[in-house]
Each structure stands twice: as C-alpha cells, then as structure tokens.
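# Tertiary structure, described
Listed below, chain by chain, are the residues.
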Amino acid sequence: MVENVIWPAALDADLTRNEGRRVSLEQAVSDPEVDEIAQAVQQVGYDAVIERDVTYPREYEPRGRVVVRGADDASKSDLLGAVAAYLKVIRE
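As a starting point, this report considers the structure included with it. (Residues numbered from 1 in each chain as written. Predicted model: local features only at pLDDT ≥ 70, side-chain atom pairs only at ≥ 80, totals over all residues. Heavy atoms only, no water.)

## Side note on the packing of aromatic side chains
This is how it is decided: Pairing of aromatic rings covers Phe, Tyr and the six-membered ring of Trp, with a centre-to-centre limit of 6.5 Å; geometry is then stacked below 30 degrees between planes, edge-to-face above 60, and tilted otherwise. Here a strand is any run of E in DSSP of at least two residues, a helix any run of H or I of at least four, and the numbering for each starts at the N terminus. Here's how the labels work: a residue is buried when its accessible area is under 20% of the maximum for its type, exposed when over 50%, partly exposed in between, all with a 1.4 Å probe on protein chains only.
Summed over the entire model, instances satisfying the criterion amount to one aromatic pair. Aromatic side chains Trp7 and Tyr56 sit 5.3 Å apart centroid to centroid with 55° between the ring planes, which places their arrangement in the tilted category. Linking Trp7 in the loop between strand E1 (3-6) and helix H1 (34-44) with Tyr56 in the loop between strand E2 (47-51) and strand E3 (65-69), this pair joins segments that are 49 residues apart in sequence. Using a relative accessible area of 16% as the deciding quantity, one classes Trp7 as buried.

Following this line, the structure appears as structure tokens:
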C-alpha cells in the first residue's frame, strides 16, 4: 500500500517553490491547516491520518502533516491538485 505525505507547506500560498510549495499560486491557499487538508483528502476519497507533532524539514515550527493511505491510483501531483481544489471549496 502506498502512503503519500502531504505537508501544509506544499499547499501554502505564502511560500515560494523553493520554500516547499508544490502547487501553483492559483491552487494554493494561505496558511493551510492539517485538519483542512485531511478533510479535503477524505473528500477526494482516500484515508487520511493526521500527525501533528512533526516539522517540515524546511520550517522551524511544527505544523504537522497528513499521511494519505490508499492512493495507489493517483500520482503525488494529481493528489496535491485535487486536495488543493477541495481546500479552495472548503475555504469559501
């Protein structure tokens, strides 16, 4: 079973690509929370596990991460794009 990890930095519009953002600025949201990301992952149709006490290697403050299980049929970039789209919907 493939497990993908989604860090909040990958979807953060306040960060540059060099700082860890993995989606375009049009898809990104400002300061995403792991709870929102997990909710968006579940809307896409995969299982999400929140790990709160981990820190992205390029950051100093722990924001956590979301481990996505059962995403064997999707690439990481497709998964991030779908999650980013649902994050925009959740924020509206």
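## A look at the pairing of E3
If a strand is regular, its side chains alternate between the two faces of the sheet. The test is simple: Pairing between strands requires that DSSP locate at least two bridges from one strand to the other.
Here E1 runs beside E3; their pairing, made up of four bridges, is antiparallel. Its bridge partner lying in E3, Ile6 is registered against Val66.

## What about the packing of H1 against helix H2 (residues 76-91)?
How we decide: Every angle, taken between N-to-C directions, lies between 0 and 180 degrees, and every axis is a line fitted to C-alpha atoms, over only the stretch in contact when it is a helix. Orientation categories follow fixed angle ranges, with anything under 35 degrees roughly parallel, anything over 145 roughly antiparallel, 65 to 115 roughly perpendicular, and all other angles oblique. Should the near helix be turned anticlockwise from the far one by less than a right angle, the crossing is left-handed, and should it be turned clockwise, the crossing is right-handed. Between two residues, a contact is recorded if the distance between any of their heavy atoms is within 4.5 Å.
Between H1 and H2, the shortest axis-to-axis distance is 8 Å and the interhelical angle comes to 115°. Here H1 lies roughly perpendicular to H2, going by the angle between them. Helix-helix and strand crossings are classified by hand; for H1 and H2 the assignment is right-handed. Where H1 approaches H2, its residues Glu36, Ile37, Gln39, Ala40, Val41, Gln43 and Val44 are matched on the opposing element by Ala82, Val83, Tyr86, Leu87, Ile90 and Arg91.

## Considering the nonpolar core
Counted only if it meets this: Throughout, nonpolar core names a set of buried Ala, Val, Leu, Ile, Met, Phe, Trp, Tyr and Cys residues whose side chains join them through atoms within 4.5 Å.
Core analysis: the biggest nonpolar cluster contains 21 residues, and Ile6, Leu11, Ile37, Val41, Val66, Val68 and Val83 have the highest contact counts within it. Elements with a contribution of two residues or more to this core: H1, E3 and H2. Ignoring any residue separated from it by four or fewer positions in sequence, one finds Val83 in contact with Ile6, Leu11, Ile37, Ala40, Val41 and Val44.

## Re H2
Defined as follows: Under the convention used throughout, the expected extent of a helix is 1.5 Å for every residue step, that is, one less than its residue count.
Relative to the 22 Å expected for 16 residues at 1.5 Å per residue, H2 spans 22 Å between its end C-alpha atoms, a close match to the ideal helical length. The complete set of buried residues in H2 reads Leu79, Leu80, Gly81, Val83, Ala84 and Leu87.

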